[in-house]
Amino acid sequence: VLRMVEESTYWTGVHRRWIETPEAIPESLTETPSLFMRLLLRVMRRKVAHQLHAQGTGRHSVEKINEIAESDLRALSNILGGNLYFLGEKPSSVDAAVFGLLSVFLWQLPGSVQETLMKTDMVNLQVYCLRMRRLYWKDWEQLKVKKHAKPT
């Protein structure tokens, strides 16, 4: 599970965020619309594109990358099945790693293939993320509001 998540699934999200939809780049990087920031983001996108190509994901078409994402998420959904966690009744380090990635898909890549699949065909992954969030981040919403609050 970890190998697939770290060596395949993760990179489909990187491609979505940095190549397909650069507007999905974290707001903290784009809040200062200066010439320097625009140039920095261009350089960063090129570096990410190079990493994607070197890793292998960047050598595929967008359609193929979406197929890889769907295949990986389907495998995760099947492994999780109706269980509470990936390795049984208690969360493990596998759950920490998987939740970290799935939460990005679910809450930071709106409109992505990954988000859509988790909200339609693989609802058990969405329910799993909500369960992990309730268990470990009871203050999730407050942290989100605090992060986006403008300094006075």
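Everything below is about the structure shown above.
Let me begin by describing the structure that accompanies this report. If you're wondering where the values come from, they're calculated on a predicted model, not measured in any experiment. (Residues numbered from 1 in each chain as written. Predicted model: local features only at pLDDT ≥ 70, side-chain atom pairs only at ≥ 80, totals over all residues. Heavy atoms only, no water.)

## Quick notes on the nonpolar core
Burial of nonpolar side chains together is a common tendency in soluble globular proteins. Just so we agree on the cut-off: Here, nonpolar core refers to any group of buried Ala, Val, Leu, Ile, Met, Phe, Trp, Tyr and Cys residues whose side-chain atoms link them within 4.5 Å. Residue exposure (1.4 Å probe, protein chains only): buried if accessible area is under 20% of the type maximum, exposed if over 50%, otherwise partly exposed. Per the convention used, a helix needs a DSSP run of H or I reaching at least four residues, while a strand needs a run of E reaching at least two, with both numbered from the N terminus.
Core analysis: the biggest nonpolar cluster contains 23 residues, and Leu73, Leu76, Leu102, Leu125 and Tyr128 have the highest contact counts within it. Of all the elements in the fold, those that place two or more residues in this core are α1 (2-20), α4 (62-80), α5 (93-108), α6 (113-119) and α7 (123-136). Counting residues in each nonpolar core, the second largest holds seven residues, with Val14, Leu41, Val48 and Leu52 among its members.

## A few points about the packing of aromatic side chains
Note the following rule: Each Phe, Tyr or Trp ring, with Trp reduced to its six-membered ring, pairs with another whose centre is within 6.5 Å; inter-plane angles below 30 degrees give stacked pairs, above 60 give edge-to-face pairs, and intermediate values give tilted ones.
For the coordinates displayed, the defined rule picks out five aromatic pairs. With a centroid separation of 5.1 Å and 85° between ring planes, the pair formed by Phe86 and Tyr128 is classed as edge-to-face. Of this pair, Phe86 sits in the loop between α4 and α5 while Tyr128 is found in helix α7, placing the two residues 42 residues apart along the sequence. The exposure class of Phe86 is buried, given its relative accessible area of 7%. A centroid spacing of 6.1 Å and a plane angle of 65° characterise the contact between Tyr136 and Trp137, whose relative ring orientation is edge-to-face.

## With respect to the pattern of salt bridges
The cut-off we apply is this: For salt bridges, the criterion is a side-chain nitrogen of Lys or Arg within 4 Å of an Asp or Glu carboxyl oxygen.
Under the definition given, this model contains five salt bridges. One salt bridge in this structure joins Arg74 and Asp121, with 3.9 Å as the shortest N-O distance. Residue Arg74 is located in helix α4, and its partner Asp121 is located in the loop between α6 and α7; the two are separated by 47 residues in the primary sequence. Overlapping salt bridges bring together Glu70, Arg74 and Asp121 as one network.

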